[in-house]
Amino acid sequence: MISRLDGTVLSARGQRLVVGVGGVGLVVAVTPQTSLTAAAGRAIALHTHLVVREDELALYGFETESELEAFELLIGVTGVGPKSALGVLAHLTPDELARAIDGGDERAFKAVSGIGPKTAKLLILQLSGKLVAPAVTRTAAAPDARADVLKALTGLGWPERTAADAIERAAVAAPDAAASSGALLRAALAILGPAARP
């Protein structure tokens, strides 16, 4: 089992990184927030989960242990695969996920591709009491947060105009989201929703 990677980003495209470790390039699926901060040549450390199937080996990487823990709990729910679990973490931080589960908030999963109303109910039922919300920490706003988020969204396949509009709407609807690139990206993704996914 590969549980951690410490290496150098060789390439970053969409939600896929190639991380160089000991002369080997490993493909790692990550959240848009992680991809946003990754750049070729930059050192990176990821907590990972290896999914083993008959026809493939897939590695999923996370910047924090709480994200990895949430991912592993999510894929333990009937009907939730690794891609859907990664989609949940693209829209919700572990803290937000824990609050949605504790509060029985099915609407929190509405924008997540692959998670319908029935699966949302199942998530809440099966994960109740298993997720503990971590202490909330706020990061200082990056002066070029909007530019970073625009780059991330266009890298994920959205047209620049559509992405820019979503960013502006997110900043107006949730001013607190502009406090960091990650928060603004989640807010913009929630506005774009699965229906507009490229």
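Cut-off values and rules
Residues numbered from 1 in each chain as written. Predicted model: local features only at pLDDT ≥ 70, side-chain atom pairs only at ≥ 80, totals over all residues. Heavy atoms only, no water. Phe/Tyr/Trp six-rings, centres within 6.5 Å; stacked < 30°, edge-to-face > 60°. Buried < 20%, exposed > 50% of the residue type's maximum accessible area, 1.4 Å probe, protein only. Helix = DSSP H or I, 4+ residues; strand = E, 2+ residues; numbered from the N terminus. Pairing = 2+ DSSP bridges. 1 Å grid on protein atoms, 1.4 Å probe; cavity = no way out; pocket = protein on both sides within 12 Å on 5 of 7 lines; lining within 4 Å. Points joined across faces, edges and corners; volume = space filled by probe spheres on them. Axes fitted to C-alpha atoms, helices over the stretch in contact; angles between N-to-C directions. Parallel < 35°, antiparallel > 145°, perpendicular 65-115°, else oblique. Left-handed = near helix turned anticlockwise from the far one by under 90°. Contact = heavy atoms within 4.5 Å. Arc of directions from axis to C-beta. Salt bridge = Lys/Arg side-chain N within 4 Å of Asp/Glu carboxyl O. Core = buried A, V, L, I, M, F, W, Y, C linked by side-chain atoms within 4.5 Å. Polar contact = N/O pair within 3.5 Å; in protein donor to acceptor, adjacent residues only side chain to side chain.

Across all of its chains, the model carries two aromatic pairs by this definition. Summarising the aromatic geometry, the rings of F62 and F71 are spaced 4.9 Å apart at their centres and angled 45° between planes, so their arrangement reads as tilted. We classify F62 as buried; its relative accessible area is 1%. Members of the aromatic cluster, each reached through a chain of ring pairs, are Y60, F62 and F71.

Right, let's get into the pairing of strand β4 (residues 43-52). The side chains of a regular strand alternate between the sheet's two faces. With seven of ten residues buried, β4 lies mostly within the body of the structure. In the sheet, strand β1 (residues 4-13) pairs with β4 via five bridges, with the strands oriented antiparallel. Along β4, the bridge assignment pairs R4 with H47. What sits between the antiparallel neighbours β4 and strand β5 (residues 57-62) is a turn of four residues.

In this structure, the second largest pocket encloses a volume near 610 Å³. Lining the second largest pocket we find 26 residues, and of these Q15, A29, Y60, K83 and L86 sit closest to its centre. Those elements that place two or more of their residues in the lining of the second largest pocket are β3 (24-29), β5 and α3 (82-91). Broken down by element, the residue count for the lining of the second largest pocket peaks at seven residues, all from α3.

Attention now moves to the packing of helix α6 (residues 145-155) against helix α8 (residues 181-192). The geometry of α6 relative to α8 is characterised by a closest axis approach of 9 Å and an angle of 50° between their N-to-C directions. The orientation of α6 with respect to α8, classified from their angle, is oblique. Note on packing geometry: the crossing formed by α6 with α8 is right-handed. Every residue of α8 that contacts α6 at A145, R146, D148, V149, A152 and L153 is listed here: S181, L184, L185, A188, L189 and L192.

Looking at helix α5 (residues 117-127), one finds that the buried residues are T119, A120, L123, I124 and L127. Projected down its long axis, α5 carries its buried residues within an arc of 140°, all on one side. Exposed positions of α5 whose direction lies more than 90 degrees from the buried face are P117, K118 and L125. For α5, the secondary structure elements touched by its buried residues are α2 (65-74) and α4 (94-103). With its phi angle positive at about 85°, G129 sits one or two positions after the end of α5.

Here the focus is α3. Counting buried residues along α3, nine of its ten residues qualify, which places the element largely inside the surrounding structure. Along α3, the positions that sit buried rather than exposed are P82, S84, A85, L86, G87, V88, L89, A90 and H91.

Turning to the pattern of salt bridges, a few remarks are in order. Counted by the stated rule, this structure contains six salt bridges. Residues D6 and R4 are paired through a salt bridge, measuring 2.8 Å at the closest nitrogen-oxygen approach. According to the relative accessible area criterion, D6 is partly exposed, its value standing at 46%. The residue R107 makes a salt bridge to D105 at a minimum N-O spacing of 3.6 Å. By relative accessible area, D105 is classed as partly exposed at 28%.

Quick look at the nonpolar core now. L74, L97, F109 and L123 are the most contacted members of the largest nonpolar core, which has 28 residues in total. Mapped onto this core, the elements with two or more residues apiece are β5, α2, α3, α4 and α5. Residues within four places of L123 in sequence aside, it is in contact with L74, V77, V80, I101, F109, I115 and S128. In terms of nonpolar packing, the next biggest core, distinct from the first, is built from 17 residues, L36, L156, A166 and L185 among them.

Time to look at the side chain of Q33. Summarising the element assignment, Q33 is placed in helix α1 (residues 32-37). One polar contact links the side chain of Q33 to the main-chain carbonyl oxygen of A90, over a distance of 3.0 Å. Among all residues touching Q33, those that are not within four sequence positions of it are E63, L89, A90, G182, L185 and R186.

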